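Results of the structural survey
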Amino acid sequence: MLSAQRACAALAARRLAVACVSSAQAHRLHIHTSVSCQDEVKLNAEWAGLAKKQLKGKNPEDLIWRTPEGLNIKPVYTQADSEGRADELPGVFPYTRGPYPTMYTYRPWTIRQYAGFSTVEESNKFYKDNIKGKLSMWSFLRRCSVGEITGAMKKVFGEHKASTRMVSGAYRSEFGEHEEIALANNRVTEFKRHEGRNPRLLVAKMGQDGHDRGAKVIATGFADLGFDVDIGPLFQTPREVAQQAVDADVHCVGVSTLAAGHKTLVPELIKELRKLDRPDILVICGGVIPPQDYEFLYQSGVCAIFGPGTRIPQAAVEVIDNIEKSLEKIRQAM
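Residues numbered from 1 in each chain as written. Predicted model: local features only at pLDDT ≥ 70, side-chain atom pairs only at ≥ 80, totals over all residues. Heavy atoms only, no water.

A closer look at the overall build of the protein
If you tally the helices and strands in the protein, you get 14 helices and 7 strands. Scored against the burial criterion, the 334 residues of the protein give a buried share of 35%. When contacts within the protein are restricted to residue pairs at least 6 apart in sequence, those whose partners lie at least 24 apart make up 68%. In the structure as shown, the protein presents an accessible area of about 21,400 Å², 55% of it carried by carbon and sulfur atoms. (Helix = DSSP H or I, 4+ residues; strand = E, 2+ residues; numbered from the N terminus. Buried < 20%, exposed > 50% of the residue type's maximum accessible area, 1.4 Å probe, protein only. Contact = heavy atoms within 4.5 Å. Areas by Shrake-Rupley, 256 points an atom, 1.4 Å probe, with all protein chains shown as cover.)

So this is what it looks like as C-alpha cells:
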C-alpha cells in the first residue's frame, strides 16, 4: 500500500513540478545536494509542526525526496496539492492513468509492479531495445496487431526455444496400476495387432500460445500408455504443424490451446492438411476452450475435444476409437 501511495505521490509531484518550477530552479535543485525546498514545495503546516516534534527539532523539509531528475517529492500530499488542476482520466491524454479507460480499474498498483521487476539499467535497456524494434506503448495506441508487435520483438530479442523433452514413465508411475491404465494399454496392444504399428500422435502448440506444461503432460501420459508421440515446438503455424504431421505419418494431431486462438488456428490446420492431401489425419483439441465454441470446432472438422479435468486414459481410449473409425472408412472407400 505504501509503495502504491509513493508511486502516486511521485507522479503527482512530477506534474506539479513541471508546471511550477522554472528551468533555473530545476538546474539549481539538481546541483545542490541539500536544498531548502520551502519556496518550491510547501509542506502542510499542521503536519510539518507535528513532524518537527517527532523529529526532535529536525527540519521536516529534510524528508523531501529529490529525484535524479531534480523533482522534489513531498513526504505527505493533501487535497490542496491538486486544487485547480484538471482531472486526469484513464484513456485520456497524457495517459498517466493508462491508455485504456478500464485498463487498471481494479489494479491501481500495476505501475509499481512493473517498476519492481528490474533495475533502472535493465529497464532502460529493455525500452531502448523496444524502440529499436519499433515497439512501444504507441504501438498499441496506434492499433498495431499482436502479430506486428510480436514480429518487432522477435527482431530485437529473438525467439524463445523451449525444450520439448518427455519424461518417460513419469505419468504412469504417478497414476499407479489401475484398471483404466490396463484398459488403455490393452486397446493400444489390440490396435498394433490390427494395424501393424502403435497409434501415433503429434502434440502441437500453435500461434502465440506459450503454455506448454499441459501439452507435455499429455504427451508423456499418452506415451506411457503405448502411443508413439511427437511434440512440435512452440509457436508453430498451422502449415508447419500440418507438414510435421505428414512427415511423421501420424494418425492424429492433438492441438493444445490455452490462448483463445482455437477458432482461427484449428480450422487453418485442417485446411492445410487437406492441401497436403492428408484429410485422413484427425485433429483433436484440448485445453481451455469455452463450451459454446465446441460446436464450431466440430463443424470445422475436429473429431474430439477434451477440456480441463479429462482423465488421460479415458481420452486415450476415445482417441483410439476415432482413429479406428477413420481407418475403417478409408478401407470401405477403397
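Thoughts on the nonpolar core
Counting 27 residues, the largest nonpolar core has Leu201, Phe222, Phe227, Cys252, Ile284, Val319 and Ile323 as the members making the most contacts within it. At the level of secondary structure, the elements contributing two or more residues to this core comprise helix H9 (179-195), strand S3 (200-204), helix H10 (213-224), strand S4 (228-231), strand S6 (282-287), strand S7 (304-306) and helix H14 (312-333). Contacts of Phe222, omitting those with residues within four sequence positions, involve Leu201, Phe227, Val229, Ile312, Ala315, Ala316 and Val319. One finds Ala242, Val253, Val302 and Ile305 within the second-largest nonpolar core, a separate group that totals 20 residues. (Core = buried A, V, L, I, M, F, W, Y, C linked by side-chain atoms within 4.5 Å.)

A short note on the packing of H10 against H14
Relative to each other, H10 and H14 sit at 70 degrees, their axes nearing to 10 Å. Classified by the interaxial angle, the pair formed by H10 and H14 is roughly perpendicular. In contact with Val217, Ile218, Gly221 and Phe222 of H10, H14 contributes Ile312, Ala315, Ala316 and Val319. Grouping the constituent residues of the contact of H10 with H14 by class yields 7 nonpolar, 1 polar and no charged. (Axes fitted to C-alpha atoms, helices over the stretch in contact; angles between N-to-C directions. Parallel < 35°, antiparallel > 145°, perpendicular 65-115°, else oblique. Nonpolar A, V, L, I, M, F, W, Y, C, P; charged D, E, K, R; others polar.)

Overview of the sheet that holds S3
Strand pairing in a sheet relies on backbone hydrogen bonds. The paired strands run either parallel or antiparallel. One open sheet holds the 5 strands; their spatial order is S4-S3-S5-S6-S7, and the pairing between them is parallel. At either end of the open sheet lies a strand with only one pairing partner, and these are S4 and S7. Taking the axes of each pair of neighbouring strands and ignoring which way they run, one obtains an average angle of 20 degrees across the sheet. Summarising the sheet, S6 and S7 pair through 3 bridges and their orientation is parallel. In the sheet register, Ile284 faces S7, and the bridge partner there is Ala304. This element, helix H12 (residues 262-275), spans strand S5 (252-257) and S6 of the sheet and lies at about 160 degrees to S6. (Pairing = 2+ DSSP bridges.)

Some thoughts on the environment of Thr237
Its place among the elements puts Thr237 in the loop between S4 and helix H11 (238-248). The class for Thr237 is partly exposed, based on a relative accessible area of 37%.

Concerning the pairing of S6
Side-chain positions along a regular strand alternate between the two faces of the sheet. Most of S6 sits out of view: 5 of its 6 residues are buried. When S5 meets S6, the two strands line up parallel, connected through 6 bridges. Of the residues in S6, the one forming a bridge with Gly254 is Ile284. As a crossover connection, the stretch from S5 through H12 into S6 is right-handed. Handedness of the crossover joining S6 and S7 through helix H13 (residues 294-300): right-handed. (Right-handed = clockwise from strand over helix to strand, strands pointing away.)

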